[in-house]
Amino acid sequence: MDFDLFVIGGGSAGVRCARIAAGHGARVAIAEDRFWGGTCVNIGCVPKKLLVQAGEYGAWADDAAGFGWSIRKGPHDWTALIAAKDREIGRLNATYRRLLDTAGATIFDARAKLDDPHTIDVGGTKVTAERIVIATGGHPTRIDIPGAELGIVSDDAFYLPHMPKRVAILGSGYIAVEFAGIFAALGAEVDLIYRQPLPLRGFDHDLREALAEALGSNGIALHPGCTPERIEPHGTNRRRLSLASGHAIETDLVFFATGRRPATTNLGLEHAGVTITPIGAVAVDEHLRTSQPHIFAIGDVTDRLNLTPVATAEGHALADSLFGNKPRRISLENVPTAVFSTPPVATVGLSEEQAAKKGPVDIYVTRFTPMRHTLTGRARKSLMKLIVDQPTGRVLGAHMLGEDAPEIMQGLGIAVAMGATKADFDRTIGIHPTAAEEFVTMRTRTRTAGA
Ligand code: NDP
């Protein structure tokens, strides 16, 4: 065999796996045909957060008057922002490649496909490997309606030549609510069109309600319970989006944030005997092994919990297990996550609805105006919530909507994963004055739920 390990895909999962395996002394090759660092670095988490931050500066300029500053906000320069973002992404891109190089991995800037269970065709060259890792990630999808090709997906949003004046976003998952906040904060009129009564299906109900209210107070027009029917060209470069209700929205841009699909086509998986699920994900067991015991899959291509830190953790654990003599598995329980909406949402553990199905729980909820906004006058409230198992006192879930929620939730994630009880939270002294201290000072139960 030419290599001990061949990794297909240079995103968060693949790069980490290749780098750590090479560090353990394995002969590693990795192939990537688009951009090193994958979705997260190039057209996902990283540039998205920079765009969110661009919006925050605008809001701070508006809010500064409440603190005695007179700041006159000029127009926002989208082209300058995208150029600055591209410089940073270019730097990160090169860093990822260099990390692999330094670790001693053989790098192929080419598309790789499986010819048989041990042979990979990489840009026309045939190589063989003892073990293979599929880390090809996923891609955004449009729903199947007439005129869908007239809309964009998140990949395109990072390279728009101009900032649109009006945007219609379809869906209300992570990507939809994040981009609704970005476009609104940068001055666009935003319509958010979704089929559920509230955004972020699957998240805690109180959090979803508070988010809908926050999106509304940011000036985003919410269209719950709506199904898009078709898109047509309208005037010069505009679009007309018709909804099943008969209502139509005229807009500059229609943005499909309607989910992502695993990237498993044209990979030759069928030549290697690797089974895929009905939705096209690579099926894996708890050791990340596919239907072929020497072929593994990690990250979004497995479509379980599609988050970058999960993908990198899987890549690292797999490399340690295969080549580092440190077999270990990644738990997908109590994984903290954040949605970088404006303001952001962050959560760890169970929602009230999930917890209540398992047994009786005590619910603690608090809503308050963050200190900053007592002077700015901005209508923005934070929400914090704890779900506590009644018999044991264990905190089963922590949820927050509000500024700094992702920063706060990272620490709470440790406590919840360690099995901390409400009593542990209560005896922790708060840091004053912060929003975070609310998590250790919620003394009065709001209600009970569950059996
Ligand atoms: P999500 O799966 O989160 O949301 C998809 C949205 O599209 C939902 O609102 C869904 O509605 C809607 N939808 C799907 N099919 C249809 C349809 N046929 N008609 C109408 N609406 C439809 O996908 P995203 O694209 O937002 O993000 C993909 C994943 O990427 C996330 O789940 C997350 O794992 C990851 N991600 C993580 C981020 C982070 O960590 N901050 C940021 C961005 C992405 P419904 O709810 O009714 O099904």
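Below, the structure is looked at part by part. Small disclaimer: the values here were computed from a predicted structure and weren't measured.

1. What to know about the site of the ligand
Next, step 1: For the ligand, the set of nearby residues contains 19 residues, the closest of which are Ser172, Arg195, Gln196, Arg201 and Ala338.
Next, step 2: Here serine 172 contributes a backbone N or O atom positioned 2.7 Å from an oxygen atom of the ligand.
Next, step 3: At 3.3 Å from an oxygen atom of the ligand is found a main-chain nitrogen or oxygen belonging to glycine 173.
Next, step 4: Expressed as a share of its isolated accessible area of 900 Å², the protein-covered part of the ligand is 77%.
Next, step 5: With three residues, the single largest contributor to the shell around the ligand is helix H6 (residues 174–185).
Next, step 6: Class assignment of the residues belonging to the shell around the ligand gives a composition of seven nonpolar, seven polar and five charged.

2. Comments concerning the sheet that holds strand E11 (residues 228–234)
Next, step 1: Read across the open sheet, the three strands follow the order E11-E12-E13; overall the sheet is antiparallel. Where the open sheet ends on each side, the last strands, each with one partner, are E11 and strand E13 (248–251). Here the average twist between neighbouring strands, direction ignored, is 20 degrees.

3. Quick look at the nonpolar core
Next, step 1: Of all hydrophobic cores here, the largest spans 42 residues; its most connected members are Ile169, Phe179, Phe183, Leu192 and Phe255.
Next, step 2: Secondary structure elements with two or more residues in this core: helix H3 (45–63), helix H4 (78–103), strand E8 (166–170), H6, strand E9 (189–193), helix H7 (205–217) and strand E14 (253–256).
Next, step 3: In terms of residues, this core owes the most to one element, H6, which gives seven residues.
Next, step 4: Membership of the second largest hydrophobic core comes to 26 residues, among which are Ala13, Ala26, Leu100 and Phe323.

4. Regarding the packing of aromatic side chains
Next, step 1: Tallying each qualifying case throughout the model produces nine aromatic pairs.
Next, step 2: The interplanar angle of 70 degrees and the centroid separation of 6.4 Å between the aromatic rings of phenylalanine 3 and phenylalanine 6 together place this pair among those described as edge-to-face. No difference in accessibility class separates phenylalanine 3 from phenylalanine 6, as the two residues are buried.
Next, step 3: Measuring from ring centre to ring centre gives 6.5 Å for phenylalanine 3 and phenylalanine 108, while their planes differ by 90 degrees; the resulting arrangement is edge-to-face. Highlighted residues: phenylalanine 3 in strand E1 (residues 3–8) and phenylalanine 108 in strand E3 (residues 106–108), separated in sequence by 105 residues. Note on accessibility: phenylalanine 3 and phenylalanine 108 belong to one class, buried.
Next, step 4: Each residue in the set Phe158, Phe179, Phe183 and Phe255 is aromatic and connected to the rest through ring pairs, giving one cluster.

Each value, and the rule that gives it
Numbering of residues begins from 1 in every chain and follows the order in which that chain's sequence is written. Local features are withheld for residues below a pLDDT of 70 in this predicted model, meaning they are given only at 70 or higher, and side-chain atom pairs are given and counted only at 80 or more; totals for whole chains, interfaces and linings count all residues. With hydrogens and water excluded, all non-hydrogen atoms of the structure serve as input to the side-chain values. Any residue with at least one heavy atom within 4 Å of a molecule or strand is counted as near it. Residues adjacent in sequence count toward polar contacts only when both atoms are side-chain atoms; beyond that, a polar contact is any pair of N or O atoms within 3.5 Å, and within protein one must be able to donate a hydrogen and the other to accept it. Working definition of accessibility: Shrake-Rupley area with a 1.4 Å probe, residue cover restricted to the visible protein chains. Counting from the N terminus, the helices are the DSSP runs of H or I reaching at least four residues and the strands are the DSSP runs of E reaching at least two. Charged residues are taken to be Asp, Glu, Lys and Arg, nonpolar residues to be Ala, Val, Leu, Ile, Met, Phe, Trp, Tyr, Cys and Pro, and polar residues to be all remaining types, Gly included. Here, a strand pair is defined by DSSP locating no fewer than two bridges between the strands. To obtain each axis, a line is fitted to C-alpha atoms, and for helices this fit is confined to the stretch in contact; angles are then taken between N-to-C directions over 0 to 180 degrees. What we call a nonpolar core is a set of buried Ala, Val, Leu, Ile, Met, Phe, Trp, Tyr and Cys residues that are connected through their side-chain atoms within 4.5 Å. Here the term buried applies to any residue with accessible area under 20% of the maximum for its type, exposed to any over 50%, and partly exposed to those in between, with areas from a 1.4 Å probe on protein chains only. The aromatic pairing rule takes the rings of Phe, Tyr and Trp, using the six-membered ring of Trp, and pairs them if the centres are within 6.5 Å, calling planes under 30 degrees apart stacked, those over 60 edge-to-face and the rest tilted.

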